[in-house]
Amino acid sequence: MKPLLIITFITLVSASLWGQTTKHHASMPIKCSKCHTCNNPTYLDPCLKVCPDFKRAGVSVRHTADEAPEIIKIDTLANVYQASIFTHKLHAEMSAMSGGCSLCHHHNPPGPILQCSDCHQAKILRDDLTKPGLKGAYHQQCLNCHKSWSHANNCEVCHARQTDAEQTASTADKEAFKGKEHPEVTEPEKKVYQTGFESLPVVTFYHDDHAHRFGYECVDCHKNESCRRCHDTLAKPSEFKEDVHEPCMACHAEAVENKCTVCHAKTEQGRFEHANVGWPLESYHQTLHCQSCHGVDKTFNKLNSNCKSCHKDWTPDNFNHTVTGLRLDEVHASFDCKLCHENRAFSENASCSNCHEGYTYPAQKPGN
Amino acid sequence: MGKQSRRDFLKTSGLIGAGLSGLSSKKAHSGVKKIIADDRMGVLVDTTLCIGCRRCEYACKGAHDIDPGRIEQYDDRSVFKEMRRPQYNAYTVVNEYTDPENPDNPSNVKVQCMHCDHPACLSACIVGAFSKEENGAVIWDEGKCIGCRYCMIACPFQIPQFEYHKALEPEIRKCDLCWESRTKDGGVPACVEICPMEALVYGKRYELLQLAHERIEKNPERYLDHVYGENEVGGTSWLYLAAQDFTKLDFPQLSDEPAPGASEKLQHAIFSYFIPPASLFALLGGIMWINRKQNTTEEE
Ligand code: SF4
């Protein structure tokens, strides 16, 4: 009897407390719409808004720029000026090398992408001053980039004036902006830098090798590019040694240490050749991507020339000699490796003298 | 009772003394409103956000019955070639300063009355035309102003301007934080409302200070670690954030002591050899007031 009484008591108390809290929270002096998306939130379906800014985990539902809206008409605040037609897709594509979607959708909570107005209020006298209002949020976002690359910050760049009928066609017509694309970014083959380093002034950088042969993505190096990089004619290249070295050192730090000659030379240098590190690549290896052997973390681990260091699962039983470019005849295929490859030194030429006096490889081949 | 009248007497004789010695500011206009409310308002100006669009200049004129002209005139950036100061017909102006370390991003600085917590103009004004209102606005009563221009000399920021061109009833002019037209009734100053960048944030001064320090903390590379106006001349309602040294942006380097001390000395020097009419009136008024006060005390 006693436990039953206690349980009933607890249930009653908690029920009344719960009753009180819900009553209290609903009667709080805030609008329901601040937290709920629907008109009649229920316990089972509270239709809660994701509260932005609490967890700054960023955009977690990814999609390509193509799936994003192409054109967005920003007309939430239009009064003196007309709505701004924002080429969203174009900007999304352009942002690929400067932080992607999160460049603008900066404090997006996990989940789908929110609009600016989901977090930024249009009100000027806000409760929370730390977050800019909607007008500030739009303009800060746009102008922080626009003012630094085009040096233009007059309103008409984005808005037509309400009274100005003439401009309406040019800046307020959605259709006029459809299908706009950034011209394809052309990629240099190589760059030859003349640096201020007197004794070894020339640095030759093979862009195409890095982008295609070595398997880097554009964003691996171009992380925080801004439009200015190409568009700003007033911009001067940085003169700080650290700034200039930074993009290279992210990968080459270990190799370089204090050896300037890894990059710097007196004259223009040729491309990287594998033969220069002591092992000319032949046949099968020639067609491989660097990562296949040197690891995907792109720091290119140093390897020795022992087949086993990469081909860990090769055994005399499962090894197919054809991959080396030489198909052994039946007789030779049945031998143990070390009969021809003395001391299992596979990187050196095989020797025939164990059985065939006067025979040398590759003048004589045990197969084809 | 006797004690009470004695205190009253001391008070009034102090007042007379003040009148004789040339009107020590604070006592002389004991009727002047000088409120330093805990939740007084202010404006935080982030000069790193300001783009120099001068929409604030446009809105300010509109809010003060000055013909603002057409809005597109304000797109003319050639005005930045010169450093401008507030005028009798332009209570706020925006200047531009290049940043040698960041030549692509010049700093734009909006200049207007700082609305000091301890306004030197208020102390300097011999007729008590100035007041510091509850929301922080330092305003003045045109009806009382006699055009002596002491406020202009006293102001550490050289803000009050005088309508020299007017022969009849020239007035002192300066930013009033839109007191009459807007903020008195809880509104937002016109410049703050129009600013597209929200480079101007209107709010409670203590919250703005928190906000300013938060911005510095989050972005130490962007900002100089100094909120101008937090302590200068004892604190001002307008606060500034900047990327470069404030002296390079033409902000005067001021101590944390309220400026009125300096202005008092100035007055004492001016008035040590004669009693200006206002002091005389104050003296006479003081005597009348003692008499009346004594009468009422006796009646009690
Ligand atoms: S309106 Fe704002 S951004 Fe424009 S000049 Fe004034 S303070 Fe600067």
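1. A short note on the overall build of chain A
Each helix and strand counted, chain A has 13 helices and five strands in total. A total of 368 residues make up chain A; the buried ones form 21% of that total. Of the contacts made within chain A by residues no fewer than 6 positions apart, 55% connect residues no fewer than 24 positions apart. For chain A, the exposed area adds up to about 26,500 Å²; of that, 57% sits on carbon and sulfur atoms.

2. Observations regarding the overall build of chain B
Scanning chain B for helices and strands turns up nine helices and nine strands. The buried share among the 300 residues of chain B stands at 51%. Sequence-distant contacts in chain B: of pairs separated by 6 or more residues, those separated by 24 or more amount to 63%. Looking at chain B as shown, the accessible area adds up to about 14,600 Å², and 52% of this sits on carbon and sulfur atoms.

3. Structural notes on the sheet that holds strand E4 (residues 202-206) of chain A
All names here are of chain A. The three strands are arranged E3-E4-E5 in an open sheet whose pairing can be described as antiparallel. One side of each edge strand has no neighbouring strand; the edge strands of this open sheet are strand E3 (190-194) and strand E5 (264-265). Of the pairings in the sheet, the one linking E4 to E5 comprises two bridges and is antiparallel in character. Along E5, the bridge assignment pairs Val202 with Ala265.

4. Points about the sheet that holds strand E9 (residues 238-241) of chain B
Residues and elements named next belong to chain B. If you trace the three strands from one edge of the open sheet to the other, you get E8-E1-E9, paired in mixed fashion. The open sheet is flanked by strand E8 (200-204) and E9, the only strands paired with a single partner. Direction aside, the axes of adjacent strands within the sheet are offset by 25 degrees on average. Relative to E9, strand E1 (residues 41-46) is paired through four bridges, and the arrangement is parallel. Bridge pairing links Leu44 to Leu239 in E9. Relative to E8, helix H7 (residues 205-218) is tilted by about 130 degrees, and along the sheet it contacts E1, E8 and E9.

5. Observations regarding the site of the ligand
In the vicinity of the ligand, the contacting residues are Cys50, Ile51, Gly52, Cys53, Arg54, Arg55, Cys56, Val94, Cys195, Pro196 and Leu200 of chain B. Tallied by class, the residues present in the shell around the ligand amount to eight nonpolar, one polar and two charged.

6. Structural notes on the nonpolar core
Counting residues in each nonpolar core, the largest one holds 52 residues, and the members touching the most others are Val43, Phe157, Leu200, Trp238 and Tyr240 of chain B. With near-sequence residues (within four places) excluded, Phe157 of chain B lies in contact with Arg85, Met114, Cys116, Tyr228, Val233, Thr236, Pro252 and Leu254 of chain B.

7. Points about the pairing of E1 of chain B
Residue and element names in this part refer to chain B. Counting buried residues in E1 gives six out of six residues, a clear majority hidden from the surface. Of the two faces of E1, the one carrying Met41, Val43 and Val45 and the one carrying Gly42, Leu44 and Asp46 are both buried. Relative to E8, E1 runs antiparallel, the two being bridged by five bridges. Across the sheet, residue Gly42 finds its bridge partner in E8, namely Gly203.

8. Brief notes about the confidence of the model for chain A
Residues and elements named next belong to chain A. Overall, the predicted model of chain A reaches an average pLDDT of 76, with 80% of residues at or above 70. For chain A, the element scoring lowest by mean pLDDT is helix H5 (residues 165-171), at 50; E4 scores highest, at 92. Confidence drops under pLDDT 50 across residues 15-22; counting only partners more than four residues distant or on other chains, this segment forms one contact. Confidence drops under a pLDDT of 50 for residues 52-57, and excluding neighbours within four residues, the segment shows 14 contacts in the predicted structure.

9. Quick word on the pattern of salt bridges
Taken as a whole, this structure holds 21 salt bridges over all chains when the rule is applied. Among the salt bridges present, the one from Arg55 of chain B reaches Asp75 of chain B, with a minimum N-O distance of 2.9 Å. Residue Arg55 of chain B is located in helix H3 (residues 55-63), and its partner Asp75 of chain B is located in the loop between H3 and strand E2 (93-97); the two are separated by 20 residues in the primary sequence. Judged by its relative accessible area of 25%, Asp75 of chain B falls in the partly exposed class. A salt bridge links Arg173 of chain B to Glu142 of chain B; its shortest N-O distance comes to 3.0 Å. Highlighted residues: Arg173 of chain B in strand E7 (residues 172-173) and Glu142 of chain B in the loop between strand E5 (138-140) and helix H5 (150-154), separated in sequence by 31 residues. Given the relative accessible area of 37%, Glu142 of chain B is considered partly exposed. One continuous salt-bridge network, built from bridges that share partners, spans Glu189, Asp208, Asp209, Arg213 and Arg271 of chain A.

10. Some points on the interface of chain A and chain B
Taken residue by residue, the interface counts 28 residues in chain A and 30 residues in chain B. Where chain A abuts chain B, roughly 2,200 Å² becomes buried across the two surfaces, and 53% of that area is made up of carbon and sulfur atoms. Per-residue buried area on chain A facing chain B is highest for Leu125, Leu129 and Lys147 of chain A; these three make up 26% of the total on that side. Our count for the chain A to chain B interface comes out at zero salt bridges. Our enumeration of links across chain A and chain B arrives at six residue pairs in polar contact (both at pLDDT 80 or more). In terms of residues, the side of chain A that touches chain B owes the most to one element, helix H4 (residues 134-149) of chain A, which gives nine residues. Tallied by class, residues from the side of chain A that touches chain B come to ten nonpolar, ten polar and eight charged.

11. Some details on the side chain of Arg215 of chain B
Tracing the backbone shows Arg215 of chain B in helix H7. Among the residues examined, Arg215 of chain B registers a relative accessible area of 17% and is labelled buried.

12. Details of the environment of His139 of chain A
Tracing the backbone through its elements, the reader meets His139 of chain A in helix H4. Along the primary structure His139 of chain A and Asn153 of chain A are separated by 14 residues, whereas in three dimensions their C-alpha atoms are 10.0 Å apart. For His139 of chain A, the side chain forms a polar contact with the main-chain oxygen of Pro196 of chain B, separated by 2.8 Å.

13. A short note on the environment of Gly235 of chain B
Residues and elements named next belong to chain B. By secondary structure assignment, the location of Gly235 is in the loop between H7 and E9. Along the chain, Gly235 and His115 lie 120 residues apart, while their C-alpha atoms are 9.0 Å from each other. The contact partners of Gly235, leaving out residues within four places of it in the chain, are Cys116, Asp117, His118, Arg205, Gly229 and Glu230.

14. Some details on H4 of chain A
Residue and element names in this part refer to chain A. For H4, spanning 16 residues, the distance from its first C-alpha to its last is 23 Å, which sits close to the expected 22 Å at 1.5 Å a residue. If you look at H4, its biggest bend is around 35 degrees, right at Leu143. Along H4, the residues that are buried comprise Leu134, Gly136, Ala137, Tyr138, His139, Gln140, Leu143, Lys147 and Ser148. On its buried side, H4 packs onto strand E1 (71-74), helix H3 (116-119) and helix H9 (228-231).

How each quantity is defined
- Per chain, residues are indexed from 1 in the order of the written sequence.
- Note on labels: chains are lettered from A, ligands numbered from 1, in written order.
- Owing to the predicted nature of the model, reporting of local features is limited to residues with pLDDT of at least 70; listing and counting of side-chain atom pairs is limited to 80 or more, with chain, interface and lining totals taken over all residues.
- To obtain the side-chain values, all non-hydrogen atoms of the structure were used and water was disregarded.
- Put simply, DSSP marks the helices as runs of H or I at least four residues long and the strands as runs of E at least two long, and each gets a number from the N terminus on.
- Exposed residues in this analysis have more than 50% of their type's maximum accessible area, buried residues have under 20%, and partly exposed residues fall in between, with area computed by a 1.4 Å probe over protein chains only.
- The contact criterion used is simple: two residues touch if any of their non-hydrogen atoms lie within 4.5 Å.
- Methods summary: accessible areas were calculated by the Shrake-Rupley approach with a probe of 1.4 Å, and residue burial reflects only the protein chains presented.
- Whether two strands pair depends on DSSP finding at least two bridges between them.
- Whenever a helix is involved, its axis is fitted only over the stretch in contact; in every case the axis is a line through C-alpha atoms, and angles between N-to-C directions fall within 0 to 180 degrees.
- Throughout, the term near means that a residue has one or more heavy atoms lying within 4 Å of the molecule or strand in question.
- Amino acids are sorted into nonpolar (Ala, Val, Leu, Ile, Met, Phe, Trp, Tyr, Cys and Pro), charged (Asp, Glu, Lys and Arg) and polar (every other residue, Gly among them).
- Here the nonpolar core consists of buried residues drawn from Ala, Val, Leu, Ile, Met, Phe, Trp, Tyr and Cys, with membership extended through side-chain atoms lying within 4.5 Å.
- Scored between 0 and 100, pLDDT is the confidence that the predictor attaches to each residue.
- Salt bridges are counted wherever a side-chain nitrogen of Lys or Arg sits within 4 Å of a carboxyl oxygen of Asp or Glu.
- The quantity reported as buried area is the accessible area (1.4 Å probe) lost by two parts once they are put together, taken as the sum for both.
- Residues adjacent in sequence count toward polar contacts only when both atoms are side-chain atoms; beyond that, a polar contact is any pair of N or O atoms within 3.5 Å, and within protein one must be able to donate a hydrogen and the other to accept it.
- Expected helix span is given by 1.5 Å per residue-to-residue step, counting one fewer step than there are residues.
- A residue's bend is simply the angle between two axes: one fitted to the seven residues ending at it, one to the seven starting at it.

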